[in-house]
Amino acid sequence: EARGMRLLTGHCVEMDSAPPYLPYVEMIEQAISSPRRPLALLEALGDVAPEIARIAPALRRIYPDIAPPVELPPELARRYLWNSFREFVTRGAQTQPLLLVLEDLHWADDSTLLLTEYMAPLLPEMPVRIIGTYRDDEVDTSHPLSRVINQLGRRRLIDRIGLPRSSFGGVQAMVEALAGQPPPEELVRVIDSETEGNPFFVEELYLHLAESGVLLDERGRVRADLKVAEASVPESIRLVVGERLRGCPDAPARRWSRRRCPAGSSPLISSVRWPVWTPTHSSTPSRRPKEHGSSRRSRAMEISRSVTS
C-alpha cells in the first residue's frame, strides 16, 4: 500500500470441502465490503458480473439485478470463468494497481491452484502483483502445489524466497518493534529460546504475553519489574511451536514458517513473485522479508519473471 497499490488478501484453509476458489472469493468479498469507489467496482465487473457472482454470491446482495451466468459444459464453464476473472481484475486495477496475497497455498484446492497457474503468464501485462505463501515442509513432490511450482519454474515465471530463522538480534529488533520500546534482555531470551527465531511464533508469543497481562502495565509499557520465565509460555503455544520445529531439519539453510500473512502459520514461507507493475515498466522490487520481519512461513514465490531481479 505504501507503493500506491491496493492490498487484497485471501486465505486457503485446511478442510476437505472448502468452497472453490476460496482465497480469490475472499478478495472479491473484501472489495465488496470496502470499495474505494462503488462505481469503480461496478465498472470492473462490467459484463462479467454473472461469472464473478457465480463464485462470490455475496455480489448479488449488492447488485441484485446481476443476470444469471451462462450455462456451459463444465470444462468450457471453467475456462470462461477464468477469462472473466482476468477481465475483472484487469479493469479493477486500472484506477489503482493491485497486490493480491494468497495465504497458505499448501492448503489450496485444485480450483485455486489452476486459476493461479492460469493467471501467472498474464501478469506482466497487468497492473497486478500476486504473492503466495506456503510451508515448504508440507509440500513434497506429490503435492499439487509442487506441480504448479515446477510448471511455472520451467517457464521462468516464478521465484521462491526462503525465510531463515532470526538471530537473537533479529528477535530483539522484532520484539522492540512490537513493543514500541527496547525490551528487557530476559524477555528476548525467553522468546528466542521458545521460538528458535521463527518470526511468526515470535509475534504470537509476544502477543500472548501482552494480552495475558504479564508483559505490559496499565499505560501499555513493558513492566519495569518484569519477570518472565519459560513457565510463562502456555503449553498450547509450546506444543504448536514444537510440532512445527520438529519438522525442520537442522541445517544452515534451515527454513521456518511464516505468513505475510497478517494471518495463518507454521515454519516456512513460499512467496510467489509476480512483477510489480508501474505505469512505465514492470519490475520486481525485493520483497524479501527483513530478518526480524513479522512473517509466518518461510518461502515466497514470485510469478512472471519477464523482468530483471
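These numbers were taken from a predicted model, which means no experiment stands behind them.

**Observations concerning the overall build of the protein**
Here's step 1: From N to C terminus, the protein includes 11 helices and 8 strands.
Here's step 2: Burial statistics for the protein: of 309 residues in total, 51% are counted as buried.
Here's step 3: Counting contacts in the protein only where the partners sit at least 6 residues apart, residues at least 24 apart contribute 77% of the total.
Here's step 4: Carbon and sulfur atoms make up 52% of the accessible area of the protein, which totals about 14800 Å².

**Considering the nonpolar core**
Here's step 1: The biggest cluster of nonpolar side chains holds 49 residues, and the ones touching the most others in it are Ile28, Leu59, Phe88 and Val128.
Here's step 2: For this core, the secondary-structure elements that each account for two or more residues are helix 1 (22-33), helix 2 (38-45), helix 3 (49-55), helix 5 (74-92), strand 2 (98-103), helix 6 (110-119), strand 3 (128-133) and helix 7 (144-154).
Here's step 3: Setting aside residues no more than four positions away along its own chain, Phe88 makes contact with Ile28, Leu41, Ala44, Leu45, Val48 and Ile52.
Here's step 4: Ranked by size, the runner-up nonpolar core spans 15 residues in total, among them Met174, Leu209, Leu215 and Leu226.

**Topic: the packing of aromatic side chains**
Here's step 1: Per the counting criterion, the structure on display carries 2 aromatic pairs.
Here's step 2: Summarising the aromatic geometry, the rings of Tyr24 and Phe85 are spaced 5.1 Å apart at their centres and angled 75 degrees between planes, so their arrangement reads as edge-to-face. Taken as a pair, Tyr24 in helix 1 and Phe85 in helix 5 lie far apart in primary sequence, 61 residues in all. Residue Tyr24 shares its accessibility class with Phe85, and that shared class is buried.
Here's step 3: A centroid spacing of 5.4 Å and a plane angle of 35 degrees characterise the contact between Trp82 and Tyr118, whose relative ring orientation is tilted. Within this pair, whereas Trp82 is found in helix 5, its partner Tyr118 is found in helix 6, the two being separated by 36 residues in sequence.

**Overview of the confidence of the model for the protein**
Here's step 1: On average, residues of the protein score 77 in pLDDT, and 73% of them reach the 70 mark or higher.
Here's step 2: Of the regions scoring below 50 in pLDDT, residues 248-298 engages in 235 contacts with residues more than four places distant in sequence or in other chains.
Here's step 3: This model gives residues 305-309 a pLDDT under 50, and the stretch forms 13 contacts once residues within four places in sequence are excluded.

**Digging into the pattern of salt bridges**
Here's step 1: Applying the stated rule across the entire model yields 9 salt bridges.
Here's step 2: We note a salt bridge from Glu186 to Arg189, for which the minimum N-O separation is 2.7 Å. Pair noted here: Glu186 and Arg189 are both in helix 9 (residues 185-195), with a separation of 3 residues, about one helical turn.
Here's step 3: Several salt bridges converge on common partners, so that one network encompasses Asp47, Glu87 and Arg91.

**Here we look at a nonpolar patch on the surface**
Here's step 1: A cluster of nonpolar side chains, namely Val70, Leu72, Leu76 and Tyr80, defines an oily patch on the protein surface of about 330 Å² accessible area.
Here's step 2: In this structure, Leu72 sits in the loop between helix 4 (59-62) and helix 5.

**Considering the environment of Met174**
Here's step 1: Among the structural elements, Met174 can be located in helix 8 (residues 168-179).
Here's step 2: When the C-alpha atoms of Met174 and Val188 are compared, they prove to be 9.5 Å apart, with 14 residues separating the residues in sequence.

**A short note on the layout of surface pockets**
Here's step 1: Reported here for the largest pocket is a volume of approximately 340 Å³.
Here's step 2: In terms of lining residues, the largest pocket is bounded by 19 residues, among which Arg6, Leu8, Ala31, Gly92 and Leu98 are the most central.
Here's step 3: Of all elements in the fold, only strand 1 (6-11), helix 1, helix 2, helix 5 and strand 2 reach the threshold of two or more residues within the lining of the largest pocket.
Here's step 4: Residue contributions to the lining of the largest pocket peak at 4 residues, all from helix 5.
Here's step 5: Tallied by class, residues from the lining of the largest pocket come to 13 nonpolar, 3 polar and 3 charged.

**Some words on the pairing of strand 2**
Here's step 1: For strand 2, a buried count of 6 out of 6 residues is recorded, marking the element as mostly surrounded by other parts of the structure.
Here's step 2: Residues of strand 2 alternate between two faces, with Leu98, Leu100 and Leu102 on one and Leu99, Val101 and Glu103 on the opposite face, all of them buried.
Here's step 3: Bridge count between strand 1 and strand 2: 6 bridges; the pairing is parallel. Considered in strand 2, the bridge of Thr9 is made with Val101.

Cut-offs applied
Residues numbered from 1 in each chain as written. Predicted model: local features only at pLDDT ≥ 70, side-chain atom pairs only at ≥ 80, totals over all residues. Heavy atoms only, no water. Helix = DSSP H or I, 4+ residues; strand = E, 2+ residues; numbered from the N terminus. Buried < 20%, exposed > 50% of the residue type's maximum accessible area, 1.4 Å probe, protein only. Contact = heavy atoms within 4.5 Å. Areas by Shrake-Rupley, 256 points an atom, 1.4 Å probe, with all protein chains shown as cover. Core = buried A, V, L, I, M, F, W, Y, C linked by side-chain atoms within 4.5 Å. Phe/Tyr/Trp six-rings, centres within 6.5 Å; stacked < 30°, edge-to-face > 60°. pLDDT = per-residue confidence, 0-100. Salt bridge = Lys/Arg side-chain N within 4 Å of Asp/Glu carboxyl O. Patch = residues over 30% accessible without salt bridge, like charges linked within 9 Å, V, L, I, M, F, W, Y side chains within 5 Å. 1 Å grid on protein atoms, 1.4 Å probe; cavity = no way out; pocket = protein on both sides within 12 Å on 5 of 7 lines; lining within 4 Å. Points joined across faces, edges and corners; volume = space filled by probe spheres on them. Nonpolar A, V, L, I, M, F, W, Y, C, P; charged D, E, K, R; others polar. Pairing = 2+ DSSP bridges.

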